[in-house]
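Reading the structure
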Amino acid sequence: MRMVKLTCFALNIPFMEAFTHSTKSRAYSDSIVVKLESEDGCTGFGEGVPRPYVTGESVETCLEALSGRFWQQLQGKEWPTWSEDPGLLDRLADLLDGPADPAWNAGEPATRGRKGDEPVRAWNAARCALELALLDGLLRKAGKSAGDLLPPLRKSVPYSGVIAASSAEKAGKTARHLGAFGIRTLKIKTGGREEAEVVAAVRLAAGPDASLRIDANGAYSPEEAATRLAKLALYGIACAEQPIARGEPGVLAELRKASPIPLMADESLVTLADGKALVAAEACDFFNLRLSKCGGFGPCLALANLARSAGVRMQLGCQVGETGILSAAGRHLAAHLDELVWVEGSFGTLLLREDVTRAKVQFGHGGMAPVLRGPGLGVEVDEELLRRYAVAIVEREF
Ligand SMILES: [Mg+2]
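Below, the discussion takes up the packing of aromatic side chains. Counting across every chain of the model gives four aromatic pairs. Consider the rings of Phe286 and Trp342, whose centres lie 5.1 Å apart with planes at 40 degrees: the pair is tilted. Placement of the pair is Phe286 in strand S12 (residues 286-289) and Trp342 in strand S14 (residues 342-343), with a sequence separation of 56 residues. On the basis of relative accessibility, which here comes to 9%, the residue Trp342 falls in the buried class. Geometrically, the ring pair formed by Phe347 and Phe363 is edge-to-face, given 5.6 Å between the ring centres and 75 degrees between the ring planes. Residue Phe347 is found in the loop between S14 and strand S15 (368-370), and its partner Phe363 is found in the loop between S14 and S15; the two are separated by 16 residues along the sequence. Grouped by ring-pair contacts, the aromatic residues Tyr159, Phe181, Phe347 and Phe363 constitute a single cluster. The ring of Phe70 has Arg69 lying over it, and the distance from NZ or CZ to the ring centre is 4.7 Å.

Pasting the structure below:
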């Protein structure tokens, strides 16, 4: 069964309301959805969310990589067949990662996007989109669910609410709305000048028992970070995600010693090599795994194994603007990794004007969402909606 066609949809789905954090305000989803077809009619969908400040990929360079280097690598290859063999994800890795290509992995000039862009650290959004599409197609063909590959260890998954960087008044209001929806676990985007007021307003609105954590998206300088964290610690903060920008793990390790709040690596953790360096430096208490950031199920499971063996706890995060495809994949991974301390994502039409999956994948009251059991990733994609919201469609046929 050979792969014969690749279609990439670069989306622009407006948000219900713009979402802001310390480095970016975003008003629409710019996910890339990949559709793969085999010669005998096997079809799968996957999704990646390129972010220049996370992996170095942009929508433009990611489309080029998918329809160029990645498609060349997949061309004419056999679609792996289903087996209960846990090495299935490794076999997909053989297809996707191919022979070691240092120029593609080391951020050398050949891997740069446009002039002035960050070098590409890893083509993880592209890899994630392809891995999920391959897996979705292969599982459907075999009449299996992603849950057959990643057996769920719980019946439902609890999601956190996330509060964008904004004014104290607005943050308090959002916290009250989320509280009325039964959500008692919240992450607050910080980094602005009024962050202490914002966190105070959320604590007041959410009450003393709510679990609060913060994410500065690297906004603090190493010199000021400990002082800012000490100030926010007064409000009872369970974890501080990426307080300083990605850099030497030793700098994060120094901050960890001085911080009254446990630290989580997010933008610092893109590849397995990043994870190993963070562990070696004892730089963080938590890893934030994200499917698109880390390259799909295979790399996320490798990072989870590393975290487990090093005593680092884990969160499964998301990219803002994920559609139901990545939300479904995240649900399977979260149900499988029951040791995750927090899970984020599955915002669906709470954030997007319209989602591209037929059934809603978003969480319900209390942030709870059931394990998905349908074939493949467990969601049906509405291709008409993909075409309606696509700003670019790139096709390659063998
Ligand atoms: Mg983060």
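Picking up where we left off.
Taken in spatial order, the four strands of this open sheet run S5-S4-S1-S16, and their pairing is antiparallel. Each edge of the sheet is formed by a strand with only one pairing partner; in this case those strands are strand S5 (43-48) and strand S16 (390-397). Adjacent strand axes in the sheet meet at a mean angle of 15 degrees, parallel and antiparallel pairs treated alike. The pairing of strand S1 (residues 3-11) with S16 spans seven bridges and is classified as antiparallel. In the sheet register, Cys8 faces S16, and the bridge partner there is Val394. Running over the sheet, helix H4 (residues 124-141) touches S1, strand S4 (32-38) and S5 and is turned about 155 degrees from S5.

Cut-offs used in this document
- Residues numbered from 1 in each chain as written.
- Predicted model: local features only at pLDDT ≥ 70, side-chain atom pairs only at ≥ 80, totals over all residues.
- Heavy atoms only, no water.
- Phe/Tyr/Trp six-rings, centres within 6.5 Å; stacked < 30°, edge-to-face > 60°.
- Helix = DSSP H or I, 4+ residues; strand = E, 2+ residues; numbered from the N terminus.
- Buried < 20%, exposed > 50% of the residue type's maximum accessible area, 1.4 Å probe, protein only.
- Lys NZ or Arg CZ within 6 Å of the ring centre and 35° of its normal.
- Pairing = 2+ DSSP bridges.
- Axes fitted to C-alpha atoms, helices over the stretch in contact; angles between N-to-C directions.
- Contact = heavy atoms within 4.5 Å.

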